Amino acid sequence: MQNTDSSGIGTNGRCRRCIGHLRCAICHSQAPAPSLRESPIANRKWPIWLSAAVLFLLLAGVALAEQRFPPPDFETGHKLPLTTTPAARAILFQYLDVAVLAFCLGLGTWLVYKRRSRKGLMALSLFSLLYFGLWKKGCVCAIGSLQNVALGLSDHGYAVPIGVTAFFVLPLVFALFAGRTFCAAVCPHGALQDLVLLKPLKLPPWLEQALSVLPYIYLGAGVLFAATGSAFIICQYDPFVPIFRMSGRSLMVLSGAALLLLGVFVGRPYCRFLCPYGALLKLCAIVAKLRVRVTPNLCTQCRLCEASCPFGAMREPEIGQAGPQTLSIDRRRLAWLLVLVPVLLVGGGWLGSQFSAPASRLHPTVSLADQLVRAEGTPSKLSMQIGRAHV
């Protein structure tokens, strides 16, 4: 009887433990999975932080608008002319802009690789559009900073501001380690185009590859004109800065409107097929250690992500070693590229000889000299060269 009672007591104890484990299992099954929890950036708190940041920027703008000394009262009725060039900003605000840029780049990298939060990236892109685009009027921007750096490297008398240097270097440093974080969540140009993307269409691969060469040509032209002190063509022909400033030349306003209209159907057309700074970031991102992967442990190679990506950024799944047919296509493509190299060199040299004289007018010294010669009534050597080129 004693053995039976003790065994019964042991059986009851085991039953209680089993019931306790079952209750714990039910509680764990009812709890939400960690992967399904919402990002702290994407919950309802982020509009409050964003509104506070916008309010702070507006108050800072009001403080900057306060005039230190009142204008003098002229007895002759003279009126002060309107200021057409914005005054230099205090060095403290340059440091503030650099700090905001570094914080946004770090936060964007964390959202992409750690939290994998699309809503968080959207919130950060909206903040970047409000701060760097609408409030900062698109200046200073990383896209145009490469011209200042090119001019500073070629002209030792030109001192590149420290804020401009930081805007040029920081996104490149992040791209070397974590890819194009600047393009994903910090660039106001990309954020503006994302807002109008409604019905994305997938471009043919041959067309996308052909258009992807244009940013490198634009990059070379921008660096060349900036290094020679001729003009900052990237800033002069920026299609979205007039939208940020609510003013500008009619040609650039129409260009920005056309790109936004195209952006309704084509994802980020300016970023993919025109942006020169994006070309630099793309070169740096080649050696990046961190790369964005879509569920790398659960991928079934269904290729739905590749078909639905509006930017053509998804790579085709790798099947394995390349077969003879793939190698034959690659060899044929390499042969065509080798044949096109001398053709492109000759064509580029001919275009340079035809447009060298008109392009030199962009240099302020050459333009002023040509105007002086024309004012004296004698044809200049530059005008004669342009006339011969048209004949």
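What follows concerns the confidence of the model for the protein chain. Model confidence for the protein chain is summarised by a mean pLDDT of 78, while 71% of its residues fall at 70 or above. Confidence over residues 25-44 falls short of pLDDT 50; this stretch has 13 contacts with residues more than four positions distant or in other chains. Throughout residues 62-67 the model reports pLDDT below 50, and contacts reaching past four residues in sequence, or to other chains, amount to one contact.

The next thing to look at is helix H15 (residues 276-285). For H15, the buried fraction is high: seven of the 10 residues fall into the buried class. Of the positions making up H15, those classed as buried are Pro276, Tyr277, Gly278, Ala279, Leu281, Cys284 and Ala285. Turning to H15, the residues buried within the fold contact helix H5 (142-154), helix H6 (162-178), helix H7 (181-186), helix H10 (214-227), helix H11 (233-236) and helix H14 (269-273).

At a minimum axis separation of 7 Å, H5 and H15 run at an interaxial angle of 85 degrees. Judged by the inter-axis angle, H5 sits roughly perpendicular to H15. Mapping the contact onto sequence places Ala142, Ile143 and Leu146 in H5 and Pro276, Tyr277 and Leu280 in H15. A per-class count over the contact of H5 with H15 returns six nonpolar, no polar and no charged.

The next point concerns the state of the cysteines. Taken as a whole and assessed by the stated rule, the structure comprises zero disulfides. Free of any disulfide, Cys187 has its nearest neighbouring cysteine sulfur in Cys271, separated by 5.4 Å. With no disulfide partner, Cys275 has as its closest neighbouring cysteine sulfur the one in Cys271, 6.0 Å distant. For Cys275, a relative accessible area of 8% corresponds to the buried category.

This part covers the packing of H6 against H15. For the pair H6 and H15, the least separation of the axes is 8 Å and the interaxial angle reads 35 degrees. Regarding H6 and H15, the two cross each other, and that crossing is right-handed. Contact residues: H6 offers Phe167, Phe168, Pro171, Leu172, Ala175 and Leu176, while H15 offers Tyr277, Leu280, Leu281, Cys284 and Ala285. Classifying every residue of the contact of H6 with H15 by side-chain character gives 11 nonpolar, no polar and no charged.

Now for the packing of aromatic side chains. Under the criterion given, the structure shown has seven aromatic pairs. Summarising the aromatic geometry, the rings of Phe132 and Phe167 are spaced 6.0 Å apart at their centres and angled 80 degrees between planes, so their arrangement reads as edge-to-face. Separated by 35 residues along the polypeptide, Phe132 in helix H4 (residues 118-135) and Phe167 in helix H6 bring together distant segments of the chain. An identical accessibility class is assigned to Phe132 and Phe167; each is buried. On the basis of an interplanar angle of 85 degrees and a centroid distance of 6.0 Å, the ring pair of Phe182 and Tyr277 is categorised as edge-to-face.

How each quantity is defined
- Residues numbered from 1 in each chain as written.
- Predicted model: local features only at pLDDT ≥ 70, side-chain atom pairs only at ≥ 80, totals over all residues.
- Heavy atoms only, no water.
- pLDDT = per-residue confidence, 0-100.
- Contact = heavy atoms within 4.5 Å.
- Buried < 20%, exposed > 50% of the residue type's maximum accessible area, 1.4 Å probe, protein only.
- Helix = DSSP H or I, 4+ residues; strand = E, 2+ residues; numbered from the N terminus.
- Axes fitted to C-alpha atoms, helices over the stretch in contact; angles between N-to-C directions.
- Parallel < 35°, antiparallel > 145°, perpendicular 65-115°, else oblique.
- Nonpolar A, V, L, I, M, F, W, Y, C, P; charged D, E, K, R; others polar.
- Disulfide = S-S within 2.5 Å.
- Left-handed = near helix turned anticlockwise from the far one by under 90°.
- Phe/Tyr/Trp six-rings, centres within 6.5 Å; stacked < 30°, edge-to-face > 60°.

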